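Next come the chains, spelled out residue by residue.
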Amino acid sequence: MEIPWTVEAREDTGLNNGKIGIWLFLASEVMLFGALFASYILLRVGASEWPRGHTILNVPLATFNTIVLITSSVTMVMAWASLMRRKFGVFRVYQAITVLLGGVFLVVKYFEYSAKFHHGLLPHTSNFIAIYFTLTGLHMIHVIGGMAVNAYLWGPGAKLYKTNPEWFTNRVENAGLFWHFVDLVWIFLFPTLYLL
Amino acid sequence: MTDWMNLPTLATKHGAAIDTMNGVIHILMAILFVGWGAFFVYTLFRFRKSAHPVADHHGVTSHTSTYLEIGVAVAEAVLLFGFSVPLWIKWVDKPPAVGEALTVQVTGEQFAWNIHYPGPDGKFGRQSTDKIDMQTNPLGLDRSDPDAKDDVITLNQLHLPVNKPVIVRLRSKDVIHGFNVPEFRVKQDAVPGLTIPIWFTPTITTEEMRQKTGNPEFTYEIACAQLCGLGHYRMRGFVTVESQEEFTKWFDSEEAKAAEEGSDAWSN
Amino acid sequence: MSDPTAVASKPHGAHEAHGAHEAYHEELGFWRKYVFSVDHKVIGIQYAVTGLLFLLFGFSLMMLMRWQLAYPGQAVGWLGKLLGDNRMPGGVMLPEFYNELGAMHGTIMVFLGVVPLAVGGFGNFVLPLQIGAPDMAFPKINMMSYQCYFLGGVTMLGSFFIPAGGAAQSGWTSYPPLANIAGSGQTWWLIGMIFLITSSLLGSINFIVTTIQLRAPGLTFMRFPIFVWAQFVTSFLLLLAFPPLEAAGVLQLMDRVAGSSFFMPSGLVVSGQVAANAGGGNPLLWQHLFWFLAHPEVYVLILPGMGIVAEVIANNTRKPLWGYRSMVYALGFLGFMSFIVWAHHMFMTGMGTVMSTFFQTTTMIISIPSVVILTALILSLWGGSIRFTTPMLFALGFLPMFGIGGLTGLPLGLSVTDIPLHDTYYVIGHFHYVVAPGTLFALMAGIYYWYPKATGRMMNDFLGKLHFWGSFVFMNVLFMPMFFLGLAGVSRRLYDGGASYQFAQPALHYNVISSWGAWMLAVAQIPFIINFFMSLKTGRKVGANPWDATTLEWAAPSPPPHGNFEHPPEVYRGPYEYSVPGRQTDFQPQFERA
Ligand code: HEA
Ligand code: HEA
Ligand code: CUA
Ligand SMILES: [Cu+2]
């Protein structure tokens with residue numbers, strides 16, 4: 001049996017199911033990270049001393065990572081745009097770049113983390129380090145999730161393009177929305193943790 | 001107004017207002033419930049199928065219920081701004097001047113209440129966690145600190161002079177506890193990391209209470225109100241309310257004891 | 001905004017005989033049909049039955065505790081043998097075990113019992129039918145939602161068997177620092193909660209999208225049955241309130257596993273030992289995050305119940321609900337307000353005047369929409385032709401019971417009267433009146449009401465009435481005494497029910513009454529359990545619309561086939577067109593053209 005409005009938009013709402021679904025999901029994500037940022041503020045206000053981020057964390061690396069993520073958002077848009085123009089080959093390329101950039105982000109994070117471990121900066125050292133690991137760690141899980149989805153859409157998931165290009169394009173668009181959100185979260189994390 | 005509620009016998013100044021308000025609310029609730037209930041039961045009876053085979057498509061047309069709802073809202077507003085907020089302000093924002101009040105520090109721990117009197121100098125001695133010893137020095141009081149010399153520390157025994165305001169500074173060593181003396185209408189969580197002051201004025205001595213309740217063993221109890229582990233149910237302290245003279249007598253004897261212990265406490 | 005494509009569908013009367021139509025049915029093997037099904041009806045039933053079993057389990061835990069509360073320290077030999085010496089040596093319950101039972105009772109009843117039954121069960125089964133949808137918008141996600149719930153349940157149950165101290169013991173509220181320093185059961189609790197949170201996120205997204213997108217042509221929002229509205233609002237609460245608890249859970253996991261001190265202030269001294277962690281944290285942060293979820297959560301517990309009661313009342317009074325619009329607005333307002341009252345659970349944590357005034361005010365405001373809804377439901381009875389069917393009895397029982405629970409919320413909502421009542425049995429009484437004889441009765445009403453739709457057979461009416469009267473009497477015997485205990489000042493979560501306190505002595509007999517109420521209540525459930533299973537075989541067979549009801553689910557055959565409707569239904573009018581003057585039948589279904 002067919003579920004209506006999976007691909008084309010319902011007249012009176014002007015949206016398809018997937019689109020509403022992803023926006024609702026993002027709303028709950030906002031609440032999740034919102035709560036964590038609120039906790040950060042409460043902890044910092046309540047703390048007797050709280051280090052400036054840059055004294056402990058590696059700002060250049062993080063800046064580089066910020067650029068990487070922003071670029072990957074751009075390529076994500078390009079990937080979707082090329083699907084809109086039904087240029088599947090081009091989509092493949094951009095999609096691949098997006099996933100790879102995600103990978104670059106993770107590698108950099110790996111070096112950042114191992115440096116911290118190396119200097120014995122662990123969650124029990126101080127609440128600043130702890131919230132740093134919590135926020136960036138949770139964000140990293142989101143990055144991995146986003147990469148998994150994008151990789152799937154690049155590889156096996158792309159089969160759908162043959163049978164139903166419009167549906168496939170919608171999926172890429174929704175995956176993109178999530179990826180932009182992950183990017184956005186980082187853009188909040190970066191100043192909060194590294195600069196302030 | 002509150003007899004039917006079987007509240008614990010009231011024994012503080014501020015408590016009277018709380019009880020009155022509690023009584024008022026419950027009477028209001030009773031009126032609402034009985035009113036609604038009566039209407040409810042009558043409707044069920046009158047409109048049962050056998051008595052009223054054909055339903056009326058329109059049902060109630062009057063707007064009485066709207067006025068009722070507005071009534072409830074107004075009543076709530078009165079309770080809120082007429083009673084609750086002013087009383088809360090009085091309780092939280094207007095503590096007695098330190099001069100005319102006795103200040104005590106009460107520190108909860110699994111599963112006991114440490115009572116700490118500053119002594120005549122009114123200053124609490126320095127405390128440090130490394131001085132803590134479960135048996136001899138549960139609060140880690142540093143006897144070498146001059147402020148600490150006249151301090152008195154007891155376990156689960158809170159003595160208070162009658163008709164004199166008390167400021168209790170609440171603290172906790174480990175987890176959250178709840179300082180709660182039912183007769184005093186006082187309840188406050190003791191949150192580790194914070195020192196929360198509360199105040200009240202006991203009006204009835206333990207002795208008078210024993211006559212009043214006809215219970216020769218009567219004592220005021222501190223009943224921990226916040227789940228704090230397996231001993232929560234037995235985290236019980238005792239309050240003795242007595243005349244100023246009795247209180248001073250008790251305090252001096254405690255101080256004497258403290259002096260001896262103190263001497264060997266700072267030799268190590 | 002009727003959809004041209006569907007105009008073809010012929011109006012089809014309520015009394016046509018129905019067998020299960022195979023129209024949309026592709027054959028599936030046992031596993032894909034009953035275990036890994038993506039059919040919202042099967043998933044709904046999976047949710048409902050699992051939820052009911054958890055309710056029964058949570059109830060059993062509490063019956064154990066009630067023995068200890070009524071007869072503290074009295075040994076029960078066979079229980080000792082049954083549960084082992086680390087729980088009940090010689091048949092006497094250990095305080096640790098009591099706390100374990102208490103925490104898990106709360107957790108199980110709320111997160112594994114009522115919410116899965118009310119939202120997962122009724123939401124999944126009824127909502128798509130009531131809006132004329134073939135299924136949920138994302139069937140696979142729907143299945144995953146159930147599986148996450150199941151995993152969460154398994155984790156929670158598993159935690160009972162951890163050698164090191166068993167399940168969580170810090171109350172369903174898991175306040176740190178206690179929860180931080182508690183045994184490993186707490187870690188399992190947190191992991192279990194993360195499963196459950198994931199489950200309800202997936203579910204709520206699905207419900208909202210389904211409601212917005214898969215409405216039958218002609219079904220505008222203001223033609224929704226109240227139950228649909230209730231589920232719709234509930235889904236938003238779940239969607240937006242759970243993530244902060246997830247955040248809190250992650251932070252507490254970090255504290256417990258990675259040794260951070262988000263909730264651990266400096267200078268803790270636990271049983272003589274200076275705590276090893278860095279400190280600098282704030283225990284109240286947890287309480288804010290927890291109650292930011294848990295207050296909306298309590299409305300998640302009640303709204304679906306209110307929805308069910310509304311459906312049943314409209315059907316059994318044979319007249320439209322009074323004040324449909326005001327009810328809808330009240331539901332929405334309730335949902336919104338429930339996000340800004342959370343700190344009324346924290347009046348005794350040392351709250352300043354400004355904050356307490358704000359939260360008292362919002363708390364008083366939020367009580368008004370509940371009053372509006374209750375009033376509308378009661379007024380709906382006026383002028384009806386009331387049939388006292390089993391579902392109706394439970395729905396009617398709900399009203400005064402919720403009334404008692406709700407009214408006793410008021411003294412708790414004012415910080416000053418909360419001083420003597422906070423953390424006493426008065427609170428326990430308050431919320432059990434709303435969740436047990438309140439929500440549970442509503443859910444029972446729903447079971448008796450939609451059972452024929454799900455199975456094609458009626459439940460036995462005599463056993464049903466037996467179940468109602470037994471439950472009604474003993475729920476009150478069970479919970480009413482708690483108010484007197486609370487007024488007498490007896491704290492909750494006491495292993496001996498207050499026996500060690502002098503001031504509690506005059507009230508202790510209430511514990512005994514309450515316990516016997518609980519055990520008798522269990523007996524009163526026996527007819528229900530028999531009825532529930534027996535009716536599968538012996539219940540009277542029924543057609544599509546046994547209750548002569550007006551909403552869309554009754555257009556589908558009973559039980560509905562895969563894909564639900566033979567003809568995509570179309571909606572012509574509001575949900576409760578009963579006893580319309582000048583018609584020969586006393587009901588005019590939404591799906592009937594003329
Ligand atoms: C379904 C769940 C539910 C519902 C609906 C409510 C509804 C309300 N609750 Fe309750 N509450 C809980 C579940 C619920 N609560 C739980 C689980 C706890 C304890 C958590 C814990 O600590 O473990 C709690 C605790 C709790 C507290 C904290 C107490 C404390 O710890 O000290 C407070 C304080 O403000 C409160 C207030 C209210 C208020 C004002 C309402 C209002 O919304 C009520 C409004 C309703 C009415 C005013 C009734 C109106 C109707 C009538 C009058 C009609 C009568 C009808 C007839 C007679 C036929 N609740
Ligand atoms: C939805 C929430 C909910 C529900 C329904 C209940 C229902 C009940 N609760 Fe619970 N309770 C809580 C939530 C709930 N409780 C919470 C949150 C706490 C606080 C915990 C804490 O302190 O941290 C608490 C605490 C609590 C206490 C206080 C413990 C203490 O403070 O030490 C007590 C004491 O009597 C109690 C008793 C009961 C009883 C006897 C029922 C009965 O009403 C149960 C009735 C159950 C049924 C009638 C089951 C019906 C189902 C069936 C018969 C299944 C049939 C199966 C099939 C057909 C397949 N509860
Ligand atoms: Cu201390 Cu409970
Ligand atoms: Cu609440």
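In this text, all values refer to a predicted model and were calculated from it rather than measured experimentally.

1. Points about the interface of chain A and chain C
Counting from both sides, the interface comprises 34 residues of chain A and, opposite them, 42 residues of chain C. Between the two partners, chain A and chain C, sit 1 salt bridge. Salt-bridge contacts for Arg215(C) lead to Asp12(A); the nearest nitrogen and oxygen are separated by 3.1 Å. Ranked by residues supplied to the side of chain A that touches chain C, first place goes to helix α1 (residues 17–46) of chain A with 15 residues. Here the side of chain A that touches chain C is built from residues that sort into 19 nonpolar, 12 polar and 3 charged.

2. Considering the coordination of the copper ion (ligand 4)
Residue and element names in this part refer to chain C. Here the copper ion (ligand 4) is held by the protein donor atoms His 295 (ND1), His 344 (NE2) and His 345 (NE2), which lie 1.9 to 2.1 Å from it. We note that the donor set of the copper ion (ligand 4) lies within a single chain, spaced as H-x48-H-H. Its relative accessible area of 4% is what places His 295 among the buried residues.

3. Side note on the nonpolar core
Phe168(A), Tyr117(B), Phe179(B), Phe184(B), Tyr220(B) and Leu399(C) are the most contacted members of the largest nonpolar core, which totals 329 residues. Take this core: its biggest share by element is 20 residues, from helix α9 (residues 283–317) of chain C. Sequence-distant contacts of Tyr117(B), defined by excluding residues within four places in its chain, comprise Leu102(B), Val104(B), Phe124(B), Asp151(B), Val152(B), Leu158(B), His159(B), Phe247(B), Trp250(B) and Phe251(B).

4. Side note on the pairing of strand β9 (residues 220–223) of chain B
All names here are of chain B. Side chains Tyr 220 and Ile 222 of β9 all project onto a buried face; the interleaved residues Glu 221 and Ala 223 project onto the opposite face, where all are buried too. Sheet analysis places β9 next to strand β10 (residues 236–242), joined by 4 bridges and oriented antiparallel. From the neighbouring strand, Ile 222 faces β10, where its bridge partner is Gly 237.

5. Side note on the side chain of Gln252(C)
Residue and element names in this part refer to chain C. Tracing the chain through its elements places Gln 252 in helix α8 (residues 226–258). The exposure class of Gln 252 is buried, given its relative accessible area of 0%. Leaving out residues up to four positions away in the same chain, Gln 252 has contacts with Ser 174, Pro 176, Ala 179, Asn 180, Gln 186, Leu 190, Phe 263 and Trp 286.

About the criteria used
- Residues numbered from 1 in each chain as written.
- Chains lettered and ligands numbered in written order.
- Predicted model: local features only at pLDDT ≥ 70, side-chain atom pairs only at ≥ 80, totals over all residues.
- Heavy atoms only, no water.
- Contact = heavy atoms within 4.5 Å.
- Salt bridge = Lys/Arg side-chain N within 4 Å of Asp/Glu carboxyl O.
- Helix = DSSP H or I, 4+ residues; strand = E, 2+ residues; numbered from the N terminus.
- Nonpolar A, V, L, I, M, F, W, Y, C, P; charged D, E, K, R; others polar.
- Donors = N, O, S within 2.8 Å, 3.2 Å for Na, K, Ca; no water.
- Buried < 20%, exposed > 50% of the residue type's maximum accessible area, 1.4 Å probe, protein only.
- Core = buried A, V, L, I, M, F, W, Y, C linked by side-chain atoms within 4.5 Å.
- Pairing = 2+ DSSP bridges.

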